[in-house]
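These are the residues of each chain, in order.
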Amino acid sequence: MKLQPPPHPARAAPLQPSTGSPRVSDQPDQQQTKKPFLYVVVCACGIARDVGKLITAAQEANWDVGVVATPQGLGFIDAEAVEAQTGYPIRSAWRLPGDPRPLPPADAIAVAPATFNTINKWAAGISDTLALGILCEAYGMGIPIAAFPYVNAAQAAHPAYARSLDVLHEMGVLIGSYEPHEPKADGGAERYRWEEALELLTPELSAAD
Ligand SMILES: Cc1cc2nc3c(=O)[nH]c(=O)nc-3n(C[C@H](O)[C@H](O)[C@H](O)COP(=O)(O)O)c2cc1C
């Protein structure tokens, strides 16, 4: 079931990142041909190996893309291939003070795949990975976010999971339509719709213009 979010409290007048260049929608006219920038937050699921499908779809839809992987998620992707595809380094750890920001500011964020672990920590406001730090702050900055959990039914049965999705929904996070697969099965990779990220986030971007 796809949840419909309430209006985002910060969407009407989004805050700007404290440093870095302004978001695309606030650039002067002559710069508005710049492509919107999508962060893809990748968590530690087997299906993460296919994240290139989302990157390709987003680039074909005229987005620029940067990947932020959780530390565990890094082990599930072909980092070299992802960096070659996006043209940006994968972010996973915090930079040192004074180091340049490796990615432009995000215009939208897709969390795909989203683990049980990251969904629950994000909803609880835990920020112990760079990915979670970005997600926790993005809410207050009014950046559109969509999450695409890939969990099994045993994980989804934990009471914390439904509560976390409710919290994220209340925050205005769009939630993907994937229904949990049976535990210990091969998963439902063929049912996981990477392109749903663009279907959910593109209208959000237009609304912010
Ligand atoms: C091979 C393998 C596959 C996994 N698949 C999933 C999965 O599909 N969904 C999930 O929520 N966790 C899955 N996990 C567990 C997560 O990797 C684990 O909870 C991890 O701590 C998540 O870290 P992250 O949320 O920071 O990415 C898997 C673990 C392994 C070793």
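Residues numbered from 1 in each chain as written. Predicted model: local features only at pLDDT ≥ 70, side-chain atom pairs only at ≥ 80, totals over all residues.

Here the chain shows a mean pLDDT of 88. Residues at 70 or above account for 83%. pLDDT under 50 marks residues 1-6. Its contacts with residues more than four places away, or in other chains, come to ten contacts. The low-confidence segment residues 9-30 (pLDDT under 50) makes 33 contacts with residues lying over four places distant or belonging to another chain. (pLDDT = per-residue confidence, 0-100. Contact = placed C-beta atoms within 7 Å.)

A few words now on the site of the ligand. In the vicinity of the ligand there are 15 residues, among which Cys-43, Ala-44, Cys-45, Thr-70 and Thr-115 approach most closely. Ranked by residue count, the leading element in the shell around the ligand is helix α3 (residues 116-123), at three residues. (Near = placed C-beta within 6 Å. Helix = DSSP H or I, 4+ residues; strand = E, 2+ residues; numbered from the N terminus.)

Judged by pairing direction, the sheet is parallel, and its five strands sit side by side in the order β2-β1-β3-β4-β5 without closing on themselves. Two strands lie at the open edges of the sheet, namely β2 (64-69) and β5 (174-175), each paired on one side alone. Pairing analysis gives two bridges linking strand β4 (residues 145-149) to β5, with the strands arranged parallel. By the bridge assignment for β5, Ala-146 is matched with Leu-174. (Pairing = 2+ DSSP bridges.)

Running from N to C, α3 and helix α6 (residues 159-170) point in directions that differ by 55°, and their axes come no closer than 9 Å. The angle between α3 and α6 places the two elements in the oblique class. Here the hand of the crossing between α3 and α6 comes out left-handed. Contacts between α3 and α6 involve Phe-116, Ile-119, Asn-120, Trp-122 and Ala-123 on the former and, on the latter, Ala-160, Tyr-161, Ser-164, Val-167 and Leu-168. Its residues assigned to classes, the contact of α3 with α6 shows eight nonpolar, two polar and no charged. (Axes fitted to C-alpha atoms, helices over the stretch in contact; angles between N-to-C directions. Parallel < 35°, antiparallel > 145°, perpendicular 65-115°, else oblique. Left-handed = near helix turned anticlockwise from the far one by under 90°. Nonpolar A, V, L, I, M, F, W, Y, C, P; charged D, E, K, R; others polar.)

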